[in-house]
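Okay, here's what each chain looks like letter by letter:
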Amino acid sequence: MCDHTFVAITFGPCDSCTLNKPLMNIYLQNEPVNYCSLCVEMMACQGLTQGENLASLKAESEGLKLRLEEERAKLHDVELHQAAEKVEPLGQLVTKARRSLKGHGNKVLCTDWCRDKRRLVSSSQVTEHAVTMPCTWVMACAYAPSGCAIACGGLDNKCSVYPLSLDKNENLSAKKKSVAMHTNYLSACSFTNSDMQILTSSGDGTCALWDVESGQLLQSFHGHSADVLSLDLAPSETGNTFVSGGCDKKANVWDMRSGQNIQSFETHESDINSVKYYPSGDAFATGSDDATCRLYDLRADREVAIYSKESIIFGASSVDFSISGRLLFAGYNDYTINVWDVLKGTRVSILFGHENRVSTVRVSPDGTAFCSGSWDHTLRVRTGRYLSLSDTHTHTHTHTHSLT
Amino acid sequence: MSKHSKFQTALCSRPPRRSTITWAFLPLLHQAEVNASARRSTTSSSRHQSGSPPVGAHVHFEKTVKMTIKLIRDHGQHYRPRMACLKKVEALVIEMQDPKSGVKSFEQKRNATSIPHVIAGQDITAWITSHMTVDAQEAQALGTMLVAYGFIYPLQDPKTLILRPDGSLYRCQTPYFWPAQKWKAQDTDYAIYLAKRNIRKKGILDQYEQERYRKLHKWLNHKWDFIVNQAKEQTRAGKARMKSDRVVFSYQERAYWIVHRPPPQTHSAMDYGVDRLIDPNAEEEKNSYYYRRIIIFRQQAIMRSKVKSTVSLGALVKHTMTYQSHDPFLTPCLPSNPWQTDDDTYWALNMPDVDLPTKMTVERWSYGFYELLRDPRGRADFRLFLKKEFSGENLAFWEAAEELKWGAASAISEKAETIFKTFLAPGAPCWINIDGRTMGLTVKGLQHPHRHVLDAAQNHIFMLMKKDTFYRYLKSPVYKDIQKKAISPAPHNFTDAQLEQNARNRKPGLYPSVTWQRQQKEKVRTTTLIDIKKLMANKLDRQ
């Protein structure tokens, strides 16, 4: 469990304005203080005080950066593939496409599995799976944990919740409820542990937490300097953090209670299209436009693995882990899906079959299959099994692509 | 390569691609809106064609059109995404054209002209295979992407942008026509291109191209003189070239427009989805606010405790190895993967309200306390154990606090009050045992209840259960009993006929809302039981 906010005081009187508010723990002149978010912003916004100029501030920030790198280097004593030396390498993949869902008339943009492990919601360019939305691009969709509602949004800048009913003919648009309002397109949304709260990220550079019933904004998260493209909630037991990735090449980890940006990773060379937590919650993977996927360790506070190959040139649009965290499925803009061995850092297979960009890859909640949605209007559900190396010798025909 | 640069200099009569025309927005606008806004600005005019605005109203037209667009669709996002792949592909294509180590090229005679630097599909695939150490299929996929982006174009069948690994002929596109992140292919240029072809030979345009030409004629009507003049100029300049150069240039231009204005029923690889709000090429302004934010953040990062790589990476490896046997991609799930055999038994055995769980599930509960709590069946078993120990209040409090945290905002104060009365007030029926400081903080916070008011107490109780109760549970007869009773399903071994039968009998599962309602009823039943029991116990005590 990696939740640094575990023992911090997160609500109480602010040290500067003494009002009872959610608190951020920051350091002023190396002294720990608890400020509310407003006071932090005001402090950061104040102009140059006496004796300071832009150059001195820059020098100070560079100095801190060097110290940070030093500290990180001291703790960095082993690489991931070294730590995983004793792990048996994976053999060949035997995979098969089980379902090819062709209901969409247009590009599939986003999918989400229901917790019952067999249902999917998907959104597309013109219409969503069962509901027609009054905007052209529905880029985010999510299934509620109870399975009784779905949330979706896109170019309409809103996130709307549709309660699902057993009656197939009922007009779902009639019961729609607008929950989130951003000033620009909605790029991703996700329910938290219940149907009552939604976390959204938007092209306007912010993420926000909303109460579904009242539509009230509970917390907003500012810190990205460009569009935020995706987010993922931590699976840890205290469940108080989430990670977001954006066009400013940064992946930020946030505390949901105070809105504070706890950790930030900026090692990618281009936009981060997708972020996903490792099953234990101690690490997360990102897929980016620079054609690499990277693994970041939250406890060691650094990037620990890069999944890239010279022949992979086009950006990764979506990533997801298998249940054990051994495999990382990544969908790319060159119409393929690459499967990486997380521990060894090697690619174990490449899957073909889509005729346009793979826009979303999601593993089912019990890990039995994964679904890939693409701009070629189809969703493909695939299963597979990695034979151990000893099995591979007896298996004469091994394919690494899908069948329709 | 030298021939290509000659074209670049010769084509300075073309409008620069960085033309600042905002008319790129025009195709978004519905024709009726164009007419409506034009009508608003029209006075009387001599050259008035039906359906298109008069030239005299040009300036006003632009303003109203722009305003109309802003109101309808423009939320300020009009920057193209970064497209980091383009630079890498450019480097690759340059390598391909290297005379010594690149793909071998030859001259091809075609219709009495000789086309230089032609490459065959199979040579491209072979070169990629050897150069990047990949297998043939991947090489072909990569090659197809190069064609789809327009870096290589086919000579035969130019509208199908795939790489055929046979003798099909291709050429590398000239850098002038490479796709660029900064500049979008403009409608004006497209109109000029279509006009050129139309002028050269009437009827050469395809059906869809004629459609588009007509639409452009309407939208760009006010610039039409300019467009036609440009087309004529370029044709004239082209005539001064050698025939083979002219032919090559026409192929290049055609390939460019097939990529950027794909024929119907095909897609363009340059289609990137939605525009971005922030310009990826702009530098963030580095003012004092920018630096101060970084300083605050880095100070906090330095002070935060970090862990050695051996410890954290070791934990990651251990987690993966522990769960390896539970990953259907690595170990076959028993009895069989429902997606593979169309047999639902695996899902039925793992339902949250199942009577007897499988051995795998029971083993998983022992991996960590949260694993046990997360699985509804595991939580039920744990609750059973706590009931035997008469310490069910801890779990009940934790669950109630979870519900408060994740519940609706309007219900917070009501829930907080119930929780206080049930768990925290002195003499409460399910009083939980937490240390004085936490109790004090919590009670004080409950005066103004908010979502996270119970966090401290909840964490305390969670840690208590995790460090003490959980391990006792694992050693208890309740757990050992369920371990013994747990099912170990045998793997299915379906014949092909049976598999077909299964596929035919596929049914959708229960609606999630039905299962949810069932779970809610069950929850109400168990919680009321606890309360009644405690109340009875209290009553008996007092008596």
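Residues numbered from 1 in each chain as written. Chains lettered and ligands numbered in written order. Predicted model: local features only at pLDDT ≥ 70, side-chain atom pairs only at ≥ 80, totals over all residues. Heavy atoms only, no water.

Going by the annotation in an unreviewed UniProt entry, the name recorded for chain A is G protein subunit beta 5, with Electrophorus electricus given as the source organism.

Visitor: Could you clarify how one ought to interpret the overall build of chain A in this entry?
Guide: Summing up its helical and strand segments, chain A has four helices and 29 strands in all. In chain A, buried positions account for 64% of the 404 residues. For chain A, the share of sequence-separated contacts (at least 6 apart) that also reach a separation of at least 24 residues comes to 45%. Counting every atom, chain A has about 14,600 Å² of accessible surface; 50% of that belongs to carbon and sulfur. (Helix = DSSP H or I, 4+ residues; strand = E, 2+ residues; numbered from the N terminus. Buried < 20%, exposed > 50% of the residue type's maximum accessible area, 1.4 Å probe, protein only. Contact = heavy atoms within 4.5 Å. Areas by Shrake-Rupley, 256 points an atom, 1.4 Å probe, with all protein chains shown as cover.)

Visitor: Can you walk me through helix 7 (residues 187-200) of chain B in this structure?
Guide: Each turn of an α-helix holds 3.6 residues, which means side chains three or four residues apart point in the same direction. Residue and element names in this part refer to chain B. With 14 residues, helix 7 extends 20 Å between its outermost C-alpha atoms, agreeing within 8% with the 20 Å of an ideal straight helix rising 1.5 Å per residue. In terms of residue burial, helix 7 counts as a mostly covered element, since twelve of its 14 residues are buried. Of the surrounding secondary structure, the elements contacted by the buried residues of helix 7 are helix 8 (207-219), helix 9 (224-239) and helix 10 (243-260). (Expected span 1.5 Å × (residues − 1).)

Visitor: Could you clarify how one ought to interpret the pattern of salt bridges in this entry?
Guide: Pairing between side chains of opposite charge can happen when their charged atoms approach one another. With the rule as written, the count across this model stands at 31 salt bridges over all chains. B:Asp455 is the partner of A:Arg257 in a salt bridge, and the nearest nitrogen-oxygen pair spans 2.7 Å. Here A:Arg257 is found in the loop between strand 17 (251-255) and strand 18 (261-265), whereas its partner B:Asp455 is found in helix 21 (residues 455-475) on a different chain. Of the residues examined, A:Arg257 reaches a relative accessible area of 5% and is grouped as buried. Take B:Asp455: its relative accessible area is 7%, and that puts it in the buried class. Where A:Asp341 meets A:Arg326, a salt bridge forms, and the shortest distance between an N and an O atom there is 2.9 Å. In this pair, A:Asp341 is assigned in strand 25 (residues 337-341) and A:Arg326 in the loop between strand 23 (316-321) and strand 24 (327-332), connecting sequence segments 15 residues apart. Each of the two residues, A:Asp341 as well as A:Arg326, counts as buried. Bridged by salt links that share partners, the residues A:Glu269, A:Asp290, A:Arg294 and A:Glu303 form one connected network. (Salt bridge = Lys/Arg side-chain N within 4 Å of Asp/Glu carboxyl O.)

Visitor: What's the story with a positive patch on the surface in this structure? I'm lost.
Guide: Where like charges cluster on the molecular surface, the positive patch consists of B:Arg200, B:Lys201, B:Lys239, B:Lys243 and B:Arg246. On the secondary structure map, B:Lys243 appears in helix 10. (Patch = residues over 30% accessible without salt bridge, like charges linked within 9 Å, V, L, I, M, F, W, Y side chains within 5 Å. Lys, Arg positive; Asp, Glu negative; His and termini not counted. Charge placed at Lys NZ, Arg CZ, Asp CG, Glu CD.)

Visitor: When you look at the interface of chain B and chain A in this model, what are you seeing that I'm missing?
Guide: It is common to give the size of an interface as the accessible area lost on bringing the parts into contact. The interface is formed by 111 residues belonging to chain B together with 145 residues belonging to chain A. Summed over both sides, the interface between chain B and chain A buries roughly 11,200 Å², with carbon and sulfur atoms accounting for 59% of that surface. Considering only the side of chain B, the residues that lose the most area to chain A are B:Phe329, B:Trp339 and B:Trp406, jointly responsible for 9% of the buried surface there. Here chain B is connected to chain A by seven salt bridges. Between B:Arg82 and A:Asp271 there is a salt bridge, with its nearest N and O atoms 2.7 Å apart. (Buried area = accessible area lost by both parts, 1.4 Å probe.)

Visitor: Can you help me understand the environment of B:Ala139 in this one?
Guide: Residue and element names in this part refer to chain B. You can see alanine 139 is positioned in helix 6 (residues 136-149). Each C-alpha atom of the pair alanine 139 and arginine 504 lies 39 Å from the other, and the pair is 365 residues apart in sequence. Filtering out sequence-adjacent residues up to four positions away, alanine 139 remains in contact with Thr125, Ile128, Thr129 and Val134.

Visitor: Looking at this structure, I do not really get the sheet that holds strand 10 (residues 177-181) of chain A. What am I missing?
Guide: The strands that make up a sheet pair up through hydrogen bonds in the backbone, lying either parallel or antiparallel. Residues and elements named next belong to chain A. Strand order across the open sheet formed by four strands is 7-8-9-10, with antiparallel pairing between neighbours. On the outer flanks of this sheet lie strand 7 (138-143) and strand 10, each paired with one strand and no other. If you compare each strand with its neighbour and ignore which way they point, the axes differ by 20° on average. Two elements, strand 7 and strand 8 (residues 149-154), share five bridges in a ladder whose sense is antiparallel. Within strand 8, the residue paired with tyrosine 143 across the bridge is isoleucine 150. (Pairing = 2+ DSSP bridges. Axes fitted to C-alpha atoms, helices over the stretch in contact; angles between N-to-C directions.)

Visitor: Where do I start with the sheet that holds strand 2 (residues 20-28) of chain A in this structure?
Guide: All names here are of chain A. The sheet built from three strands is open, its strands ordered 1-2-3 with antiparallel pairing. Two strands bound the open sheet, and with one partner strand each, they are strand 1 (11-13) and strand 3 (31-36). For this sheet, the mean inter-axis angle between neighbouring strands, taken without regard to orientation, is 55°. Strand direction decides the pairing type here: strand 2 and strand 3, joined by six bridges, are antiparallel. Looking across to strand 3, one finds that isoleucine 26 is bridged to valine 33.

Visitor: How should the packing of aromatic side chains be read in this particular structure?
Guide: One pair of aromatic rings is described through two measures. These are the centre distance and the angle between the planes. Scanning the entire structure with this criterion turns up 36 aromatic pairs over all chains. A ring pair is formed by A:Tyr307 and A:Trp340, whose centres lie 5.9 Å apart and whose planes are at 45°; its orientation type is tilted. With A:Tyr307 in strand 22 (residues 302-307) and A:Trp340 in strand 25, the pair connects residues that are 33 residues apart, well separated along the chain. The pair formed by A:Tyr307 and A:Trp340 is uniform in burial state, with each residue classed as buried. A ring pair is formed by B:Tyr473 and B:Tyr479, whose centres lie 5.2 Å apart and whose planes are at 55°; its orientation type is tilted. (Phe/Tyr/Trp six-rings, centres within 6.5 Å; stacked < 30°, edge-to-face > 60°.)

Visitor: Help me understand the nonpolar core in this model?
Guide: When a protein is soluble and globular, its nonpolar side chains tend to lie buried together. B:Phe369, B:Phe382, B:Phe397, B:Phe423, B:Leu424, B:Leu454 and B:Tyr473 are the most contacted members of the largest nonpolar core, which totals 39 residues. For this core, the elements supplying multiple residues, two or more each, are helix 15 (359-365), helix 16 (369-374), helix 17 (376-389), helix 18 (392-406), helix 19 (412-424), helix 21 and helix 22 (477-485) of chain B. Residues in contact with B:Tyr473, not counting those within four places in the same chain, are B:Trp365, B:Leu372, B:Asp381, B:Phe382, B:Phe385, B:Val478 and B:Tyr479. Counting residues in each nonpolar core, the second largest holds 36 residues, with A:Ile313, B:Leu86, B:Ile119 and B:Ala269 among its members. (Core = buried A, V, L, I, M, F, W, Y, C linked by side-chain atoms within 4.5 Å.)

Visitor: Looking at this structure, how should I read the UniProt feature "repeat: WD" (unreviewed entry) in chain A?
Guide: Residues and elements named next belong to chain A. In the numbering used here, UniProt assigns the feature "repeat: WD" (unreviewed entry) to residues 179-220, 221-264, 265-306, 318-350 and 351-381. As a span, residues 265-306 carries 0% helix and 55% strand, and end to end its C-alpha atoms are 13 Å apart. Between the C-alpha atoms that bound residues 318-350 there is a distance of 15 Å. The span itself is 0% helix and 58% strand. (UniProt positions renumbered as here; feature names shortened; annotations may be inferred.)

Visitor: Got a minute to help me understand the confidence of the model for chain B in this structure?
Guide: A low pLDDT score tells you not to read the predicted coordinates there in detail. All names here are of chain B. Per-residue confidence for chain B gives a mean pLDDT of 80; residues scoring 70 or more make up 83%. Contacts of residues 1-72 to residues separated by more than four positions or lying in other chains number 86 contacts, the stretch itself having pLDDT below 50. For this predicted complex, the interface score ipTM comes out at 0.87, while the overall pTM is 0.85. (pLDDT = per-residue confidence, 0-100.)

Visitor: Looking at this structure, I do not really get the pairing of strand 16 (residues 241-246) of chain A. What am I missing?
Guide: Successive residues of a regular strand alternate their side chains across the two faces of the sheet. Residues and elements named next belong to chain A. The element strand 16 is extensively covered by neighbouring structure, given that six of its six residues are classed as buried. Of the two faces of strand 16, both are covered, the one formed by Thr241, Val243 and Gly245 as well as the one formed by Phe242, Ser244 and Gly246. As judged from the five bridges shared by strand 15 (residues 228-233) and strand 16, these two strands associate in the antiparallel manner. Its bridge partner being in strand 16, valine 228 is matched across the sheet by glycine 246. In the sheet, strand 16 pairs with strand 17 via five bridges, with the strands oriented antiparallel. Paired with valine 243 across the two strands is valine 253, which belongs to strand 17.

Visitor: Looking at this structure, how should I read the pairing of strand 12 (residues 197-202) of chain A?
Guide: Residue and element names in this part refer to chain A. Among the six residues in strand 12, six count as buried, and that is most of the element. Residue alternation in strand 12 divides its side chains into two sets, Gln197, Leu199 and Ser201 and Ile198, Thr200 and Ser202, and both sets are buried. Hairpin connection, strand 11 (residues 186-191) to strand 12: the antiparallel pair is bridged by five residues. The antiparallel hairpin formed by strand 12 and strand 13 (residues 206-211) contains three residues in its connecting segment, where glycine 205 sits at a positive phi of about 90°.

Visitor: Is there a simple way to think about the confidence of the model for chain A in this case?
Guide: All names here are of chain A. Mean pLDDT for chain A: 83, with 87% of residues reaching 70 or above. Long-range and interchain partners of residues 1-7, a stretch whose pLDDT sits below 50, account for 25 contacts in this model, where long-range means more than four residues apart. This model gives residues 392-404 a pLDDT under 50, and the stretch forms 25 contacts once residues within four places in sequence are excluded.

Visitor: Any chance you could explain unusual backbone geometry here in plain terms?
Guide: Most peptide bonds take the trans form, and the phi angle of most residues other than glycine is negative. Residue and element names in this part refer to chain B. A cis geometry characterises the amide bond from leucine 334 onward to proline 335, with omega recorded as 0°. By the element assignment, proline 335 lies in the loop between helix 12 (309-323) and helix 13 (338-341). Here the phi dihedral of methionine 83 falls at roughly 55°; this positive angle occurs in a residue that is not glycine. When you line up the elements, methionine 83 lands in the loop between helix 3 (58-72) and helix 4 (85-96). Residue methionine 83 is classed as buried on the basis of its relative accessible area of 11%.

Visitor: Is there a simple way to think about the packing of helix 18 of chain B against helix 21 of chain B in this case?
Guide: Two quantities define a packed helix pair, namely the angle between the helix axes and the distance between the axes. Residue and element names in this part refer to chain B. Running from N to C, helix 18 and helix 21 point in directions that differ by 140°, and their axes come no closer than 10 Å. With respect to their mutual orientation, helix 18 and helix 21 come out oblique. In this structure, the crossing between helix 18 and helix 21 has a hand that is left-handed. Contact residues: helix 18 offers Asn394, Leu395, Phe397, Trp398, Ala401, Glu402 and Lys405, while helix 21 offers Asp455, Ala457, Gln458, Ile461, Phe462, Leu464 and Met465. Classifying every residue of the contact of helix 18 with helix 21 gives nine nonpolar, two polar and three charged. (Parallel < 35°, antiparallel > 145°, perpendicular 65-115°, else oblique. Left-handed = near helix turned anticlockwise from the far one by under 90°. Nonpolar A, V, L, I, M, F, W, Y, C, P; charged D, E, K, R; others polar.)

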